[in-house]
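Observations on chain architecture
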Amino acid sequence: MDPTMAGIIGIVIMVFLFMTRMPVAFVMMLVGFVGFSLLTSWKGGLNLMSRNIYDAFASYELSTIPLFILMGQIAFNSGISKRLYNTAYHFLGNVRGGLAMATVSACTAFGAVCGSSPATAATMSTVGIPEMKRYGYANSLAAASVASGGGLGMIMPPSVVLIIYGVLTEQSIGALFVSGILPAVLLTVLFVVGIYLQCKVNPALGPKGESFTWPEKLKSLANLIDTLIIFGLVIGGLFKGWFTPTEAASIGVLGVLALAIIKRQLSWQAFVNSLYETLRTSCMVLVLIAGAVVFGKFLAVTRIPFDIAQWVSAFDMPPFAIMAAIIAIYFIGGCFMDSLALIMLTIPVFFPVVTNMGYDPIWFGIIIVLVTEMGVITPPVGINVYVVYGMCQKIAPDVTLEEVFKGIVPFMLSIIVGIALLFWFPQIILFLPGLMY
C-alpha cells in the first residue's frame, strides 16, 4: 500500500474510533502500532510500542511533568488554587460570566506554579466547576472555561512544552519562559472579553455572582503571596542558572511543600491524596504522550508531515505567507496529535525553514505553542477537553462531552485573535526577553 494513502486511512480510522469513545491514548497507540507494522514489520511495530512506552515513562526531560503535577496537586490540597480562585472571584464575580472569568484568571496564575496544561485543567476543574454549577452556569461555559484556561499552562512559565521546544532547538529556556508571560496575559484578557461577550448575548450562560467592596478586594490580594513566592523561586532560579528545568520542578515541589507545612495547611491525608492524584494524572498524561508518539512515528513512516513541509517550503511566496501556511499545518496537526508529539515530530522539519526566513526562534516557539494550545481543546484529540470531562464524571456527572466541545468554540476564536496580534506585533513576545537578555 502507498504510505501516504495508508496515513490518510489511518487518520480516518482514528477519527472513527474516537467517535466510539474509546480512550484517546489507546486509539492513537492502536492505529499507530497497526499502521507502522503494516508499513514496516510486526516485529518493528512491537519494538516501537515497547520502546516508546518505556521512553515516555523513563524520560528525564519528561520527569518535569509529574513533578509539576505534584507541585500543582500540593498547591491545590494546601488551598493555593482555592485562594487564587477566591481573589479572582472578588474582582470579577459581580459581573455576568464573572465566575468563568475568575476561573480563566486563576488558571493563568495557577499555571505559574504548575507548568502542565492537563494538570492545570484537572486541578481547576475541582475548584471552579462545582462553584459555577452552584451559581447556575451553563455546563458548556463552565467546563469550556476550565479546559481553555488550563491550556494557558502551556505558555505560562514554567511550561513543559516550552522546555521541550528549548531542548529541541537549543534555545534559552529562561528566554522562552520570559517571552511567554505577556502572551499568556494577552490571551487571558481575550478569554475574559470573549466570556463577557458570550454572556451579554446570552445572559443565561453565566448569571451574576456576589459583589465585594474595594477593601475586601484589596484584602484578597494577600492570597497571591504564596504563588508569587513559588513563581519567583522557580523562574528566578532558572534565570540565575542555579538549576536546570527538571531541578527547578523539584525545587518548586519542595517550595510548595515547605510553605504548606509552615502554614499548617496540608494534612497527612491531603499529602497522600496529592501523591495519588499525581500518580493517576501523570500516568494518564504520559500514556497519552506515548500513544501520540507511536502515532507520530506511524505518520513519519507515511512521510505525510515531511511531504507537507517540503511542499510548503517550495512555494514561491513571501515569508509571511509561508509562515501562515506553517501555522495552519500546526493547527490541523494539533487536532489529531498531542502537542508534545507534534512539536517533536515537526520542529526538525520546520525550524530550519523558519530561521532561514529570518524569523526569531523565540517568537516562533511561542507562536507554535499557542497554535498547538488550540489542539488541546480541539476535537478529536483535545486532551484538555477529555481531562475536564473525566473530572466531571466525579464532580458534575450531567456534563456531556458534546457540551464541552460546544463551549470551546468562542475560546478558539479568542486564541485565533491572539495569534493574529502576536503575528503582526512580534514585540509583544520579544519585549521582555529583550530587557533581560
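What you see as residue numbers is a count from 1 along each chain, following the sequence as written. The model is predicted, so local features are restricted to residues of pLDDT at least 70 and side-chain atom pairs to those at 80 or more, both for listing and for counting; the totals for chains, interfaces and linings are taken over all residues. Working from all heavy atoms in the structure, the side-chain values ignore hydrogens and water.

1. Points about the overall build of the protein
As a reminder of what qualifies: Counting from the N terminus, the helices are DSSP H or I runs at least four residues long and the strands are E runs at least two residues long. It is over C-alpha atoms that the radius of gyration is taken, and the globule rule equals 2.2 Å times the number of residues to the power 0.38. Throughout this description, buried means an accessible area under 20% of the type-specific maximum (1.4 Å probe, protein chains only), exposed means over 50%, and partly exposed covers the range between. Here, residues are in contact when the closest pair of their heavy atoms is within 4.5 Å. Here the Shrake-Rupley method, with its probe set to 1.4 Å, supplies the accessible areas, and only the displayed protein chains count as covering residues.
When its secondary structure is counted, the protein shows 22 helices and 0 strands. Radius of gyration (C-alpha) of the protein: 21 Å, near the 22 Å computed for a compact globule of 437 residues. Principal-axis analysis of the C-alpha atoms places the extent of the protein at approximately 70 × 50 × 45 Å. Of all 437 residues assigned to the protein, the portion counted as buried reaches 57%. At a minimum sequence separation of 6, the contacts of the protein that also span at least 24 residues come to 79%. Counting every atom, the protein has about 17600 Å² of accessible surface; 71% of that belongs to carbon and sulfur.

2. A word on helix H11 (residues 181-201)
Condition: Every helix has an expected span of 1.5 Å times one less than the residues it contains.
For H11, built from 21 residues, the straight-helix expectation of 30 Å at 1.5 Å per residue is met to within 8% by its first-to-last C-alpha distance of 31 Å. When we look at burial in H11, the residues that qualify are Pro183, Ala184, Leu186, Leu187, Thr188, Leu190, Phe191, Val192, Gly194, Ile195, Gln198 and Cys199.

3. Some remarks on the nonpolar core
Most often, soluble globular proteins keep nonpolar side chains buried together rather than apart. As a reminder, the rule being used: In this text, buried Ala, Val, Leu, Ile, Met, Phe, Trp, Tyr and Cys residues form a nonpolar core when linked through side-chain atoms within 4.5 Å.
If you look at the biggest cluster of nonpolar residues, it comprises 145 residues, and the most contacted ones within it are Tyr330, Trp363 and Phe364. A total of 12 residues in this core trace back to one element, the largest contributor, which is helix H15 (residues 268-302). When neighbours within four sequence positions are excluded, Phe364 is seen to be in contact with Tyr165, Met323, Ile326, Tyr330, Ile347, Phe350, Phe351 and Val354.

4. Observations concerning the pattern of salt bridges
As a reminder of what qualifies: Salt bridges are identified by distance alone: a Lys or Arg side-chain nitrogen within 4 Å of an Asp or Glu carboxyl oxygen.
If you walk through the whole model with that rule in mind, you get 4 salt bridges. Linking Asp398 and Lys133 is a salt bridge whose minimum nitrogen-to-oxygen distance equals 2.5 Å. Of this pair, Asp398 sits in the loop between helix H20 (383-395) and helix H21 (401-424) while Lys133 sits in helix H7 (residues 117-134), and the two are 265 residues apart along the sequence. A relative accessible area of 43% means that Asp398 is categorised as partly exposed. Of the charged contacts, one joins Glu277 and Arg280 as a salt bridge, the two residues approaching to 3.1 Å between their closest N and O atoms. Residue Glu277 and its partner Arg280 are both found in helix H15; the two are separated by 3 residues, about one turn of the helix. Looking at Glu277, the relative accessible area reads 17%, which means it is buried. The structure contains a network of salt bridges with shared partners spanning Arg83, Asp226 and Lys263.

5. Overview of the side chain of Thr302
You can see Thr302 is positioned in helix H15. Excluding its chain neighbours within four sequence positions, the residues that come into contact with Thr302 are Pro3, Thr4, Gly7, Leu39 and Asp307.

6. Details of the environment of Gly334
Considering the arrangement of structural elements, one finds Gly334 in helix H17 (residues 319-334). As a C-alpha pair, Gly334 and Gly32 span 302 residues in sequence and 16 Å in three-dimensional space. If near-sequence neighbours (up to four positions away) are discounted, Gly334 is found in contact with Leu342 and Gly375.

7. Some words on the packing of aromatic side chains
To keep things clear, this is the line we draw: For Phe, Tyr and Trp, where Trp contributes only its six-membered ring, two rings pair if their centres lie within 6.5 Å, and the inter-plane angle classes them as stacked under 30 degrees, edge-to-face over 60, or tilted in between. Put simply, a charge is over a ring when the Lys NZ or the Arg CZ is close to the ring centre, within 6 Å, and near the line of the ring normal, within 35 degrees.
Considering all chains together, one arrives at 15 aromatic pairs under this definition. Measuring from centroid to centroid gives 6.4 Å for Tyr330 and Phe364, while their planes differ by 70°, and the two rings are edge-to-face. Highlighted residues: Tyr330 in helix H17 and Phe364 in helix H19 (residues 361-375), separated in sequence by 34 residues. Both residues of the pair, Tyr330 and Phe364, count as buried. Put simply, the rings of Tyr165, Tyr330, Phe350, Phe351 and Phe364 touch in pairs and so form one group of aromatic residues. When the ring centre of Trp214 is taken as reference, the NZ or CZ atom of Lys217 above it lies at 4.5 Å.

8. Digging into the packing of helix H5 (residues 80-92) against helix H6 (residues 98-111)
Note the threshold: Lines fitted to the C-alpha atoms define the axes, with helices restricted to the stretch that makes contact. Angles between their N-to-C directions range from 0 to 180 degrees. If an angle is under 35 degrees, it is roughly parallel; if it is over 145, roughly antiparallel; if it lies from 65 to 115, roughly perpendicular; otherwise it is oblique. Each crossing gets its handedness from the near helix: less than a right angle anticlockwise from the far helix is left-handed, clockwise is right-handed. Residues are grouped as follows: Ala, Val, Leu, Ile, Met, Phe, Trp, Tyr, Cys and Pro are nonpolar; Asp, Glu, Lys and Arg are charged; all remaining types, including Gly, are polar.
Relative to each other, H5 and H6 sit at 135°, their axes nearing to 8 Å. Between H5 and H6, the angle falls in the class oblique. Taken as a pair, H5 and H6 cross one another with a handedness that is right-handed. Taking contact as the criterion, the partners of Ser81, Leu84, Tyr85, Ala88, Tyr89 and Leu92 in H5 are, on H6, Gly98, Leu99, Met101, Ala102, Thr103, Ser105, Ala106, Ala109 and Phe110. Here the contact of H5 with H6 is built from residues that sort into 11 nonpolar, 4 polar and no charged.

9. Some words on the environment of Gln73
With respect to the element layout, Gln73 can be found in helix H4 (residues 64-77). If we ignore the near neighbours within four places in the chain, the residues touching Gln73 are Thr123, Ser274, Glu277 and Thr278.

10. Notes on a nonpolar patch on the surface
Note the cut-off: In this analysis, a patch consists of residues with relative accessible area above 30% that form no salt bridge, clustered at 9 Å for like charges and at 5 Å for the nonpolar side chains Val, Leu, Ile, Met, Phe, Trp and Tyr.
A cluster of nonpolar side chains, contributed by Met5, Ile8, Ile9, Val12 and Ile13, occupies part of the molecular surface with about 420 Å² of accessible area. Relative to the assigned elements, Ile13 resides in helix H1 (residues 3-19). Exposure remark for Ile13: the relative accessible area of 41% places this residue in the partly exposed category.

11. Here's the deal with helix H2 (residues 24-39)
Between its terminal C-alpha atoms H2 stretches 22 Å, which fits the 22 Å expected from 16 residues at 1.5 Å a residue. For H2, the set of buried residues is Val24, Ala25, Val27, Met28, Met29, Val31, Gly32, Phe33, Gly35, Phe36 and Ser37. Each element contacted by the buried residues of H2 is listed here: H1, helix H3 (42-58), H15 and H20.

12. A closer look at the environment of Ala184
Along the chain, Ala184 falls in helix H11. Taking the C-alpha atoms as reference points, Ala184 and Ala109, separated by 75 residues in sequence, lie 9.9 Å from one another. In contact with Ala184, other than residues within four places in its own chain, are Leu152, Ile155 and Met156.

13. Some remarks on unusual backbone geometry
Within the chain, Arg264 stands out as a residue other than glycine whose phi angle is a positive 55°. Tracing the chain through its elements places Arg264 in the loop between helix H14 (245-262) and H15. Arg264 gets classed as exposed once you look at its relative accessible area, which sits at 79%.

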